[in-house]
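Residue strings, one per chain:
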Amino acid sequence: MMRQAILLLCGAMIACGGPEEPAPEASPVVAAPENAKEPPVGSPIESNPLRQGFTQRPAPDTRGLPPPIPPFLTDVELEAAAVLRAELDESDAAEAHARLASLVKAFEEAPSAMSLRALREGAVELVRRGRTLHVNVAELYADYLFPNSEAEADAEYKGRLAVFSGTVAPHNMRDFADGFKLVEQNPYVHDPLLLATDYELSFVECRLARPEFQSLRDWQPIHFLGQVRGKSASDVMLHRCVVLW
């Protein structure tokens, strides 16, 4: 009887395929490589950003960037202005500064297309006559860098209103923790306004006069009027800035 029971048990085990073997371990899931053209998880969503992010200034031919703008003056006009500026005396410079300061104040008190046009026309005229400086922001920044003397740069620029040309840097370029920068295509108020230099994470920083009336796009080239305050930490500081175009 016992033998019959053992034979029945063995037959049942054979029918069921024998003792159950442990299932093989699942292969680890390998995450797909991060797509450099997509924003990182958890980053703020920018409205209508470019598909590509940048850690430095993008190439000029990158699709979606704001278009280039004409130079502030032609090469011939700039050469003529340089000759006139060499003959400039302090009284002429003081008169030009006072006129620009008055035009900036008029814009600050009543920003409008009319006050902006008056400021633009006054700035163009004074630069043409050599009464006011026109400087690229990269040149301005370089003049404050060693081995150049910061004191000499202050003597040339500090406290003076001048016309500058440069390119708006995205506000998030200051974020050291995020090396992947999305580019906002829609105009917004930059406060403060950052102008790109030839050095990563170093800027010409500009406080706009009536910023609510001066919306700008990331990487937009601009000509603007501003008053130099000097160098602070790694940036050169300006204030009372008004975008001319």
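Scroll up for the structure.
This structure is a prediction, so every number in the text was calculated from the model and none was measured.

Basis of the calculations
Residues numbered from 1 in each chain as written. Predicted model: local features only at pLDDT ≥ 70, side-chain atom pairs only at ≥ 80, totals over all residues. Heavy atoms only, no water. Axes fitted to C-alpha atoms, helices over the stretch in contact; angles between N-to-C directions. Helix = DSSP H or I, 4+ residues; strand = E, 2+ residues; numbered from the N terminus. Parallel < 35°, antiparallel > 145°, perpendicular 65-115°, else oblique. Left-handed = near helix turned anticlockwise from the far one by under 90°. Contact = heavy atoms within 4.5 Å. Nonpolar A, V, L, I, M, F, W, Y, C, P; charged D, E, K, R; others polar. Salt bridge = Lys/Arg side-chain N within 4 Å of Asp/Glu carboxyl O. Buried < 20%, exposed > 50% of the residue type's maximum accessible area, 1.4 Å probe, protein only.

*Asks:* Just to check I follow, could you spell out the packing of helix α3 (residues 90–109) against helix α4 (residues 113–128) for this structure?
*Replies:* A packed helix pair is summarised by two numbers, namely the angle formed by the two axes and the spacing between the axes. α4 packs onto α3 with a crossing angle of 165 degrees between their chain directions and a minimal axis gap of 9 Å. One element, α3, and the other, α4, form an angle in the roughly antiparallel class. Taken as a pair, α3 and α4 cross one another with a handedness that is left-handed. Contact with α3, carried on its side by Ala 96, Arg 99, Leu 100, Leu 103, Val 104, Ala 106 and Phe 107, involves Ser 115, Leu 116, Ala 118, Leu 119, Gly 122, Ala 123, Glu 125 and Leu 126 of α4 and no other residues of that element. Looking at side-chain class alone, the contact of α3 with α4 contains 11 nonpolar, 2 polar and 2 charged residues.

*Asks:* Explanation requested: the pattern of salt bridges in the structure shown.
*Replies:* Opposite charge on two side chains permits pairing when their charged atoms draw close. For the coordinates displayed, the defined rule picks out 7 salt bridges. Taking the shortest distance from any N to any O, the salt bridge between Asp 92 and Arg 131 comes out at 4.0 Å. Separated by 39 residues along the polypeptide, Asp 92 in helix α3 and Arg 131 in the loop between α4 and β1 (134–136) bring together distant segments of the chain. For Arg 131, a relative accessible area of 21% puts it in the partly exposed group. When the shortest N-O distance is used, the salt bridge between Arg 240 and Glu 108 registers 3.0 Å. With Arg 240 in strand β6 (residues 235–243) and Glu 108 in helix α3, this pair connects stretches of sequence that are 132 residues apart. Judged by relative accessible area, Glu 108 falls into the partly exposed class, the value being 24%.

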